[in-house]
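Structural description and commentary
Below, each chain spelled out in residue letters.
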Amino acid sequence: MSFFKSAKPFVIAGPCSAETREQVLETAAELGNMNIRLFRAGVWKPRTRPGSFEGSGVAALEWLREVKQQYGLPVTIEVAEPAHIELALKYGIDTLWIGARTTVNPFQVQHLADAVKGVDIPVMIKNPVNTDVDLWQGAIERFEKAGIKNVAAIHRGFTGYSAAGGYRNQPNWPIPIELKRRKPELPIFCDPSHITGNRNRIAEVSQKALDMHFDGLMIETHPRPDEAWSDAAQQITPQALKEILAGLIVRDEFTQDMTALMQLDYLRQLMDSLDAEIIDLLAKRMELSEQMGDVKRNCNLTAFQPGRWREIVETRGERAMEHNLSKEFIVELYEKIHHESIRKQLSVLESKKVE
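Here's what I pulled together on the structure shown here. (Residues numbered from 1 in each chain as written. Predicted model: local features only at pLDDT ≥ 70, side-chain atom pairs only at ≥ 80, totals over all residues. Heavy atoms only, no water.)

**Quick word on the nonpolar core**
Counting residues in hydrophobic clusters, the biggest one holds 64 residues, and the most contacted among them are F39, L64, I77, I125 and F143. Contacts of I125, omitting those with residues within four sequence positions, involve I98, T103, W136, A139, I140, F143, V151, A152, A153 and I154. Core analysis: the next-biggest nonpolar cluster, separate from the first, contains 10 residues, W97, M124, I154 and F189 among them. (Core = buried A, V, L, I, M, F, W, Y, C linked by side-chain atoms within 4.5 Å. Buried < 20%, exposed > 50% of the residue type's maximum accessible area, 1.4 Å probe, protein only. Contact = heavy atoms within 4.5 Å.)

This is the structure in structure tokens:
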């Protein structure tokens, strides 16, 4: 059985950073009586700017060894260099995770994958900071090819230019959903601490992740969060964690209720029919785009016309709201449709005019 396969949710908890021996052991003592599968702690912290607390290093590895010995909790740390892996193995670390800033670099990921060849240790891989599912999948596959049998993904959100929606890192849920489609057997956990950056939203995002069939959660936990040396705003106390976990609703993927199954099957058939109509309509719309490309080529017009695009955004957005649809959703959808329409028109413009 996979190391990461267990009754949902698979919970990983512990402080953002291992600050002192006392802080690490105090946290572990409070988590020891809870259903925590892994105790996490940052040993080396890749900070955005120099001068911030960058972890306690090797000293923290000894504290984590004490956590295992005294409280029987398996421990996990982030590694970013082959030397980190060598030290983690020396001190008996049970599981490794690869951070978002590392996942974005295939060269570094390969160095780390090479460093664990021949070692039977579970590895968790956070999404890259940018919204690139191929990059995330590629990092996972590098460790699989290195012989790591127990691999999991961690969704911690994606870096944006602003805290849209009140998130520190945008969740962009379609990305982990697509990863799960590509790799159905891959366990995927959610890190609501990094997504929200706000302890008051941990419960909300944790529940959403479970509702979306995630396998577990990684939640930063500190005995005195406001005094934390890093990421204080997103850490919660062990007691708060206990309350959040007690309040989560774990839903099933399947049901034995035959009436419900028949209802779902009927609704899915209707949805399949509508999807076919949507695709047929999109095909017709693209035919119109090609015809417009002919007209624009003959009149020497540009494919992209800003005024027309503004009109589309405004009118389609208003129509969406009339039907109780999210304007943002429809505009995002039309951005993709418009992009494909422009691509078709550019293809026409670039072709030789038939005399």
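**Quick word on the pattern of salt bridges**
For the structure on display, the rule yields 22 salt bridges. Linking E204 and R201 is a salt bridge whose minimum nitrogen-to-oxygen distance equals 2.9 Å. By sharing partners, the salt bridges in this structure join D134, E178, R181 and R182 into a single network. (Salt bridge = Lys/Arg side-chain N within 4 Å of Asp/Glu carboxyl O.)

**Quick look at the packing of aromatic side chains**
This structure, assessed with the given rule, holds 6 aromatic pairs. Summarising the aromatic geometry, the rings of F10 and F189 are spaced 5.1 Å apart at their centres and angled 10° between planes, so their arrangement reads as stacked. With F10 in strand β1 (residues 10–14) and F189 in strand β7 (residues 188–190), this residue pair connects regions lying 179 residues apart in the sequence. Accessibility assignment for this pair places F10 and F189 in one class, buried. Grouped by ring-pair contacts, the aromatic residues F3, F4, F10 and F189 constitute a single cluster. (Phe/Tyr/Trp six-rings, centres within 6.5 Å; stacked < 30°, edge-to-face > 60°. Helix = DSSP H or I, 4+ residues; strand = E, 2+ residues; numbered from the N terminus.)

**Notes on the environment of Y71**
Secondary-structure assignment places Y71 in helix α2 (residues 58–71). For Y71, a relative accessible area of 30% puts it in the partly exposed group. On a C-alpha basis, the gap between Y71 and A29 in space is 6.8 Å, while along the polypeptide they are 42 residues apart. In this structure Y71 touches L25, A28, A29 and E66, once residues within four positions along its chain are discounted.

**Describing unusual backbone geometry**
Residue K8 is joined to P9 through a cis peptide bond whose omega torsion reads -5°. Backbone geometry places N300, a non-glycine residue, at a positive phi of 60°. Inspection of the secondary structure puts N300 in the loop between α11 (258–298) and α12 (306–322). The exposed category is assigned to N300, whose relative accessible area is 71%.

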